[in-house]
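Structure assessment
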Amino acid sequence: MATPVVTKTAWKLQEIVAHASNVSSLVLGKASGRLLATGGDDCRVNLWSINKPNCIMSLTGHTSPVESVRLNTPEELIVAGSQSGSIRVWDLEAAKILRTLMGHKANICSLDFHPYGEFVASGSQDTNIKLWDIRRKGCVFRYRGHTQAVRCLRFSPDGKWLASAADDHTVKLWDLTAGKMMSEFPGHTGPVNVVEFHPNEYLLASGSSDRTIRFWDLERFQVVSCIEGEPGPVRSVLFNPDGCCLYSGCQDSLRVYGWEPERCFDVVLVSWGKVADLAVCNDQLIGVAFSQSNVSSYVVDLTRVTRTGTVAQDPVQDSRPLAQQPAHPSAPLRRIYERPGTACSKPQRVKQNSESERRSPSSEDDRDERESRAEIQNAEEYNEIFQPKNSISRTPPRRSEPFPAPPEDDMVSAKEVAKPSPATDSQFPVPNVPPRPPAVTPTPAPKAELAIIPATRNEPIGLKASDFLPAVKIPQQAELVDEDAMSQIRKGHDTMCVVLTSRHKNLDTVRAVWTTGDIKTSVDSAVAINDLSVVVDLLNIVNQKASLWKLDLCTTVLPQIEKLLQSKYESYVQTGCTSLKLILQRFLPLITDILAAPPSVGVDISREERLHKCRLCYKQLKSISGLVKSKSGLSGRHGSAFRELHLLMASLD
């Protein structure tokens with residue numbers, strides 16, 4: 001009897017080089033689970049078919065990095081928002097630009113299509129949410145209420161509500177027909193990255209950087225349950241199509257949750273790192289992640305995943321699992337969404353928009369056609385995916401087949417690798433990774449050329465394991481004696497000890513000054529030591545308590561912040577950005593008001609001292625604003641931080 005083949009529960013499907021520069025956003029088509037759209041720093045939007053190595057179509061027209069992309073439900077339209085605040089909508093079947101929407105003053109962080117009507121919602125770092133009418137090319141409504149960047153937008157299944165999540169730690173629910181906010185859901189202690197509506201019930205899930213997932217009842221507008229202890233920030237969640245559970249894409253794992261009561265059904269180890277988007281199709285969960293210019297796709301076989309029933313033990317963490325509680329099959333079902341049979345009613349239109357949001361139908365359309373192109377790079381796949389939808393088929397549409405799972409033991413013999421057979425090619429035993437440029441050259445560039453040294457890395461900068469052992473030139477050479485080996489290992493150890501001892505001594509000095517004096521005196525002593533590492537350690541403590549900041553402290557810290565923002569160390573730059581943001585939020589309005597106030601009558605020594613400090617801070621902030629503006633064009637986390645600071649410093653111009 002033949003031994004049955006044991007297949008994997010989760011496996012890597014494919015890795016592609018998606019853009020010529022870094023990938024900044026991506027999205028999966030939720031209807032098919034087979035269409036992938038990526039946006040990059042090269043200002044392009046590329047479309048891919050999952051498990052196919054070649055790009056189907058490349059969309060151009062944006063003049064700045066694409067930071068958000070979204071496909072509509074039928075996967076016929078795609079919208080992309082850029083760093084400059086512009087939004088472009090393409091018709092994939094016609095392979096041409098459909099609309100260009102202008103109005104946001106900062107980069108687009110989130111987008112979503114209305115499930116029925118021809119509307120698009122956009123959230124920006126300027127804290128505004130806009131609802132756009134694609135047909136009339138105008139902004140229907142602007143929703144204000146968030147105080148920081150809007151990271152995620154989702155329409156309800158019936159198209160009547162819009163949920164928004166932002167960096168201000170809140171989730172808001174907006175009524176589209178009334179044009180106002182229905183409710184605000186506080187409770188998260190960190191930026192909220194994602195929200196998702198239950199497919200049937202009046203239930204909303206939100207995931208945050210505080211490593212929690214909260215479930216909200218949309219009838220009573222209160223929290224149902226809260227799941228804590230996620231291994232990292234929650235960036236991607238998805239309800240199962242039948243609504244039985246919630247999938248959470250965690251760091252290198254997939255977790256399956258229930259909410260009444262809160263419990264973890266299963267944990268599946270998946271080596272996808274920070275997963276960016278999820279989709280379910282054919283009882284398989286597709287996850288995609290990106291790193292620099294590469295995009296990887298992964299598959300989880302949901303038939304082998306527990307989606308209801310008992311609580312699962314967590315193989316990733318040693319922490320105690322959620323308390324096992326009996327399920328409540330008789331729990332009352334919430335209200336069900338009522339889907340409209342035809343197109344949805346149009347949201348309430350308000351007063352005419354500003355000039356920046358109006359468009360000339362004739363001239364703008366012509367310019368869009370000239371500036372934007374849809375380059376079909378794979379005509380065969382394009383016709384297979386998009387063109388059949390334009391014709392009437394008398395046979396049922398072909399359903400996509402699930403991806404075959406590789407065997408549990410994926411060891412392939414050298415003979416099979418050297419000479420693949422047609423059978424192995426069709427059954428997908430090994431991911432088909434397209435060739436990439438060689439990473440190793442005879443004279444590799446040194447790692448020290450990196451502009452920024454990351455805060456988290458797997459090995460020390462400039463330290464190689466081979467440095468601890470001498471090169472063996474003759475195979476017959478005798479082994480090293482213990483003394484020689486120890487001398488190689490201890491090389492540089494004494495120097496490092498001296499550096500750490502000196503830093504410890506400096507920190508003790510600053511701590512002693514703080515206990516006997518005030519925070520200003522301790523910061524002055526840290527600056528006098530002339531060691532940025534000590535300043536960073538002290539600022540990391542002060543940043544945790546905003547009440548410690550005073551105006552005279554700003555005059556001392558601002559020159560140090562300018563040095564930190566120019567550092568090659570990522571941790572130094574992060575600390576400098578955090579401190580500068582606190583100063584701008586707390587003191588910039590005060591500084592501008594005092595400088596704009598008319599001179600007082602008589603002698604007021606305290607006012608004169610305060611005016612002098614404000615002038616000094618203003619001069620230093622003006623000096624820093626040029627540096628922030630020059631770095632606001634960077635991509636990734638640094639670019640977002642500098643762009644946010646640039647917005648806060650706009651009043652200085």
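Structure's up top.
Throughout what follows, the structure given in this document is the object of discussion. All figures in this text were calculated on a predicted structure; none of them were measured in a lab. (Residues numbered from 1 in each chain as written. Predicted model: local features only at pLDDT ≥ 70, side-chain atom pairs only at ≥ 80, totals over all residues. Heavy atoms only, no water.)

The next subject is the sheet that holds strand 27 (residues 284-291). Read from one edge of the open sheet, four strands run 1-28-27-26, paired in antiparallel fashion. Each end of this open sheet is capped by a strand with a single partner; those strands are strand 1 (10-17) and strand 26 (277-281). With strand direction ignored, the average angle separating the axes of adjacent strands in the sheet is 20 degrees. Here strand 27 runs beside strand 28 (residues 294-301); their pairing, made up of eight bridges, is antiparallel. Directly across from Ala 289, in strand 28, lies its bridge partner Ser 296. (Pairing = 2+ DSSP bridges. Helix = DSSP H or I, 4+ residues; strand = E, 2+ residues; numbered from the N terminus. Axes fitted to C-alpha atoms, helices over the stretch in contact; angles between N-to-C directions.)

Bringing the sheet that holds strand 11 (residues 119-124) into the picture now. Taking strand neighbours across the sheet as the criterion, the four strands line up as 10-11-12-13 in an open arrangement whose pairing is antiparallel. In this open sheet, the two strands that pair with only one neighbour each are strand 10 (108-113) and strand 13 (138-143). Between one strand and the next, the sheet's axes are offset by a mean angle of 20 degrees, whatever the strand orientation. The pairing of strand 12 (residues 129-133) with strand 13 spans five bridges and is classified as antiparallel. Looking across to strand 13, one finds that Ile 129 is bridged to Tyr 143.

Here Cys 55 lies in strand 5 (residues 55-60). Among the residues examined, Cys 55 registers a relative accessible area of 9% and is labelled buried. With 326 residues separating them in the primary sequence, Cys 55 and Glu 381 have C-alpha atoms 9.1 Å apart. (Buried < 20%, exposed > 50% of the residue type's maximum accessible area, 1.4 Å probe, protein only.)

Next up on the list: helix 8 (residues 532-542). Within helix 8 the residues assigned to the buried category are Ser 533, Val 534, Val 535, Val 536, Leu 538, Leu 539 and Val 542. Looking at the buried positions of helix 8, the neighbouring elements they touch are helix 6 (493-516), helix 7 (519-529), helix 9 (551-565) and helix 10 (570-596). (Contact = heavy atoms within 4.5 Å.)

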